[in-house]
Amino acid sequence: GDSVTQMEGPVTLSEEAFLTINCTYTATGYPSLFWYVQYPGEGLQLLLKATKADDKGSNKGFEATYRKETTSFHLEKGSVQVSDSAVYFCALKNPNTGNQFYFGTGTSLTVIP
Amino acid sequence: DSGVTQTPKHLITATGQRVTLRCSPRSGDLSVYWYQQSLDQGLQFLIQYYNGEERAKGNILERFSAQQFPDLHSELNLSSLELGDSALYFCASSVSGGPYEQYFGPGTRLTVT
């Protein structure tokens, strides 16, 4: 069945460091891919999305490219800030399976000054 | 503000009791999803409704049930509560078809004592 696998955390980085959070997926057909962010004490918010192969989603300095050949959607940011400390979830939505959403387990990021 | 509302924000109850969590989706969204988030289990999909009908079931216990009403709000009923049911419960809504993302509510924090 469909699934999403994220790199395990927690991840701790210094401010202005480069961030990569790996995400790979298993799905038939052509799912849409998403990154959500959860700040402490809050619900999940959409960070970015990509709906077809080679699409790049971007928002707030974060980017992720939909790579069908490697079934990946890695999240990157060139220079993290303390305010980026949060839990990041990779997710997919597959029209082949009734548009159900599948979430990864989440990766906790802490950025230290 | 995602446009998804959940009540109550916090709930404290005793083992063996029954509670009802309520969710109102974003205007125009026909799909409602329920998730449980606990420290040891991560984000677990429970159940999805679309326009009043159950669409998909995840890891929902038999003690839990849900429904979506004609005005599209949804309720999640949790009965015979156990200590392990203590968690954050999120509702999300979405336009069902197409590559559209989910919008999450702020969550209900349930504490079972």
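Before reading on, note that the structure itself is shown above.
Structural notes, computed from the coordinates. Source: prediction; values computed, not measured. (Residues numbered from 1 in each chain as written. Chains lettered and ligands numbered in written order. Predicted model: local features only at pLDDT ≥ 70, side-chain atom pairs only at ≥ 80, totals over all residues. Heavy atoms only, no water.)

Structural notes on the interface of chain A and chain B
How we decide: Here, two residues are considered to be in contact whenever any of their heavy atoms come within 4.5 Å of each other. Here's the idea: put two parts together, see how much 1.4 Å probe accessible area each one loses, and the total over both is what we call buried area. What counts as a salt bridge is simple: a side-chain nitrogen of Lys or Arg found within 4 Å of a carboxyl oxygen of Asp or Glu. Think of a polar contact as two N or O atoms within 3.5 Å of one another; within protein, one of them needs to be a possible hydrogen donor and the other a possible acceptor, and neighboring residues in sequence only count if both atoms come from side chains. The helix count covers DSSP runs of H or I at least four residues long, the strand count covers runs of E at least two residues long, and both are numbered beginning at the N terminus.
Across the boundary between the two partners, chain A contributes 17 residues, which contact 21 residues of chain B. It is A:Leu44, A:Gln100 and A:Phe101 that lose the most area in chain A upon contact with chain B, and together they represent 29% of the buried surface on that side. For the pair chain A and chain B, the interface holds 1 salt bridge. A salt bridge links A:Lys49 to B:Glu101, with the shortest nitrogen-to-oxygen separation between them at 2.8 Å. The interface formed by chain A and chain B holds 5 residue pairs in polar contact (both at pLDDT 80 or more) in total. Counting residues per element, the ones that place at least two in the side of chain A that touches chain B are strand E5 (32-38), strand E6 (44-50), strand E10 (86-94) and strand E11 (100-103) of chain A. The element contributing the most residues to the side of chain A that touches chain B is E5(A), with 4 residues.

Describing the sheet that holds strand E3 (residues 19-24) of chain B
Residue and element names in this part refer to chain B. Keep this limit in mind: Paired strands are those between which DSSP finds at least two bridges. Only the stretch in contact is used when fitting a helix axis, every axis being a line fitted to C-alpha atoms; angles between N-to-C directions are given from 0 to 180 degrees.
The 4 strands are arranged E1-E3-E8-E7 in an open sheet whose pairing can be described as antiparallel. The sheet is open, and its two borders are formed by strand E1 (5-7) and strand E7 (64-68), each paired with just one other strand. Neighbouring strand axes in the sheet, compared pairwise and without regard to direction, differ in orientation by 15° on average. For E1 and E3, the ladder comprises 3 bridges, and the chain directions are antiparallel. Looking across to E3, one finds that Thr5 is bridged to Ser24.

A look at the state of the cysteines
Threshold: In this description, the term disulfide denotes a pair of cysteine sulfurs within 2.5 Å. Only protein chains enter the calculation, and the probe is 1.4 Å; a residue is then buried if its accessible area is under 20% of its type maximum, exposed if over 50%, and partly exposed in between.
In the structure shown here, the tally under the stated rule is 2 disulfides over all chains. Across the disulfide from A:Cys23 sits A:Cys90; the S-S distance is 1.9 Å. Measuring the twist about the S-S bond at about -70°, one finds the A:Cys23-A:Cys90 disulfide to be left-handed. Of this pair, A:Cys23 sits in strand E4 (residues 23-26) while A:Cys90 sits in strand E10, and the two are 67 residues apart along the sequence. There is no split in this pair, since A:Cys23 and A:Cys90 are both buried. Disulfide pairing places B:Cys23 opposite B:Cys91 at an S-S distance of 1.8 Å. Because the torsion about its S-S bond is -50°, the bridge between B:Cys23 and B:Cys91 counts as left-handed.

So, unusual backbone geometry
Note the cis peptide between A:Gly9 and A:Pro10, where omega equals -5°. With respect to the helices, strands and loops of the structure, A:Pro10 is situated in the loop between strand E1 (3-6) and strand E2 (11-14). Here the residue pair B:Thr7 and B:Pro8 is connected by a cis peptide bond, since its omega of -10° sits within 30 degrees of zero. Position of B:Pro8 relative to the elements: it lies in the loop between E1 and strand E2 (10-13). Of note, the phi angle at B:Leu72 is positive, near 80°, even though the residue is not glycine. Checked against the element boundaries, B:Leu72 lands in the loop between E7 and strand E8 (74-78).

A word on the environment of B:Gln41
All names here are of chain B. The topology assignment puts Gln41 in the loop between strand E4 (31-38) and strand E5 (42-50). A relative accessible area of 46% means that Gln41 is categorised as partly exposed. The spacing of Gln41 and Ala87 is 46 residues in sequence and 9.7 Å in space, taken between C-alpha atoms.

A word on the pairing of E5(A)
Remember that side chains alternate between the two faces of the sheet whenever the strand is regular. All names here are of chain A. Of all 7 residues that make up E5, 7 are buried, and the element is covered over most of its length. Side chains Ser32, Phe34, Tyr36 and Gln38 project from E5 onto one buried face, and the interleaved Leu33, Trp35 and Val37 project onto a second face that is buried too. Relative to E10, E5 runs antiparallel, the two sharing 7 bridges. Note on E10: the bridge partner recorded for Val37 is Tyr88. Pairing of E5 with E6, which is carried by 6 bridges, proceeds in the antiparallel orientation.

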